[in-house]
Each structure stands twice: as structure tokens, then as C-alpha cells.
Amino acid sequence: MEKVNPITFTGKREISEKKLVGFRVVCEDMTGYGQEIPKASMSLDRRKDEIKQLVDPVKLIGAFKASETSEEDDGYWVCYEVHDFEAIPDGMVSLVVPEQKYAVLHFKGHASEIFQVYTHLHQWIEENGYKRVPDKWTLEIYSKWTENEDNVDLCDPIG
């Protein structure tokens with residue numbers, strides 16, 4: 001059986017402003033994020049019917065800034081996109097990610113491998129003459145996410 005490459009470069013893409021509602025996860029280190037993000041994702045999935053004006057109940061969106069910018073931007077947001085903010089459920093937060101240009105890589109595999117996949121995306125950005133903008137929001141747009149496999153577009157901001 002032929003092995004399928006889990007990485008597909010989508011190229012450069014402009015992504016319009018996103019209004020997000022969900023949970024903010026803040027941890028001391030990558031190990032903590034590896035444990036807490038899946039818990040937050042499952043909790044958000046169980047509570048998604050509480051979110052008003054949901055754009056797509058299947059697309060989970062993760063957002064973070066790769067560089068330390070401020071305490072209020074620290075962490076990882078596990079969210080769903082909404083058309084507009086309305087009655088944010090208890091314990092949840094809202095976030096607006098402005099329109100941005102991104103280098104996009106599609107990954108199919110286990111969430112624990114995503115961190116290493118960014119190396120390929122960063123290399124592609126450099127080889128194609130773009131510059132990373134780590135103080136802007138990075139997006140992870142999941143079209144499928146389970147305990148065993150994810151389909152995700154990794155969107156790294158570029159200038």
C-alpha cells in the first residue's frame with residue numbers, strides 16, 4: 001500500500017477577519033499545552049450548542065501568537081468562529097483575529113505531530129521569499145479532529 005504524504009502546501013492565502021468564541025488555555029510549557037488543548041477542545045465540542053451565531057459547527061479553530069507579545073495575548077485559544085458576538089457563554093472568551101496574509105500547509109495526522117510540522121512550513125516560507133510575522137495570530141483550522149487523526153490547515157502569518 002502506498003504511503004500518503006500527510007503534508008500538503010497550500011501556498012499563500014489571505015484570510016478575512018475571524019470572530020472567535022471558545023476557551024483560552026495558558027500553560028507553563030509545551031507539555032502542558034499538549035495535555036490541556038485536547039481537553040479544552042473536547043469540552044468546547046460538548047458545549048458548542050451554547051455558542052450563538054456559529055459559522056461552522058465542524059471547524060474548530062486554534063489561535064496563538066508565536067512570539068511573546070503581551071500577557072493578554074499569551075496562550076492558545078480553542079474556538080469556533082461566529083458571525084457576531086452574542087451572549088458569550090460562561091467561562092468562554094471572545095477573540096477577534098484581523099485579516100492577515102498566511103502561508104498555509106494542510107496536515108493530516110495526529111495532533112501530537114503538529115508542532116514538528118511547523119518546521120516544514122517555516123522552511124517553505126523562507127524558500128519562497130516570505131517573512132514570518134510571529135507577533136500576529138497563527139491559526140490552526142481543523143476540518144476534522146478526533147483522538148487519532150486531525151485534518152488541519154496550519155496558517156502562519158507572513159508579511
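Described in the following lines is the structure provided in the data block. (Residues numbered from 1 in each chain as written. Predicted model: local features only at pLDDT ≥ 70, side-chain atom pairs only at ≥ 80, totals over all residues. Heavy atoms only, no water.)

A few words on unusual backbone geometry. Notably, Q53 is not glycine yet its phi reads approximately 60 degrees, a positive angle. Relative to the assigned elements, Q53 resides in the loop between α1 (30-47) and β3 (60-65). Assessed through its relative accessible area of 33%, Q53 is described here as partly exposed. One non-glycine residue, A87, lies in positive phi territory at about 45 degrees. Locating A87 in the fold gives a position in the loop between β4 (76-82) and β5 (93-97). (Helix = DSSP H or I, 4+ residues; strand = E, 2+ residues; numbered from the N terminus. Buried < 20%, exposed > 50% of the residue type's maximum accessible area, 1.4 Å probe, protein only.)

What follows covers the environment of N151. Relative to the elements of secondary structure, N151 occurs in strand β8 (residues 150-157). On the accessibility criterion, N151 (15% relative accessible area) is buried. Counting along the chain gives 131 residues from N151 to L20, while the straight-line C-alpha distance between them is 19 Å.

Turning our attention to the layout of surface pockets. Volume-wise, the largest pocket comes out at about 1,100 Å³. Taken together, 38 residues line the largest pocket, and the ones lying closest to its centre are M30, Y33, I37, Y76 and E140. For the lining of the largest pocket, the secondary structure elements donating two or more residues are α1, β3, β4, α2 (114-127), β7 (137-145) and β8. Ranked by the residues each element gives to the lining of the largest pocket, the list is headed by α1, at 7 residues. When its residues are assigned to classes, the lining of the largest pocket shows 18 nonpolar, 11 polar and 9 charged. (1 Å grid on protein atoms, 1.4 Å probe; cavity = no way out; pocket = protein on both sides within 12 Å on 5 of 7 lines; lining within 4 Å. Points joined across faces, edges and corners; volume = space filled by probe spheres on them. Nonpolar A, V, L, I, M, F, W, Y, C, P; charged D, E, K, R; others polar.)

For the rest of this paragraph, the subject is the pattern of salt bridges. Scanning all chains against the criterion turns up 9 salt bridges. One salt bridge connects K19 with D84, and the closest N-O pair in it is separated by 3.4 Å. One end of the pair, K19, is in strand β2 (residues 18-25); the other, D84, is in the loop between β4 and β5, with 65 residues separating them in the sequence. Overall, K19 belongs to the partly exposed group, its relative accessible area being 21%. (Salt bridge = Lys/Arg side-chain N within 4 Å of Asp/Glu carboxyl O.)

As a further point, take the pairing of β3. Among the 6 residues that make up β3, 6 are buried, leaving the element largely enclosed by the rest of the structure. The alternating pattern of β3 places L60, G62 and F64 on one face and I61, A63 and K65 on the opposite face, and all of these are buried. Relative to β4, β3 runs antiparallel, the two sharing 4 bridges. Residue pairing across strands places A63 opposite W77, the latter belonging to β4. (Pairing = 2+ DSSP bridges.)

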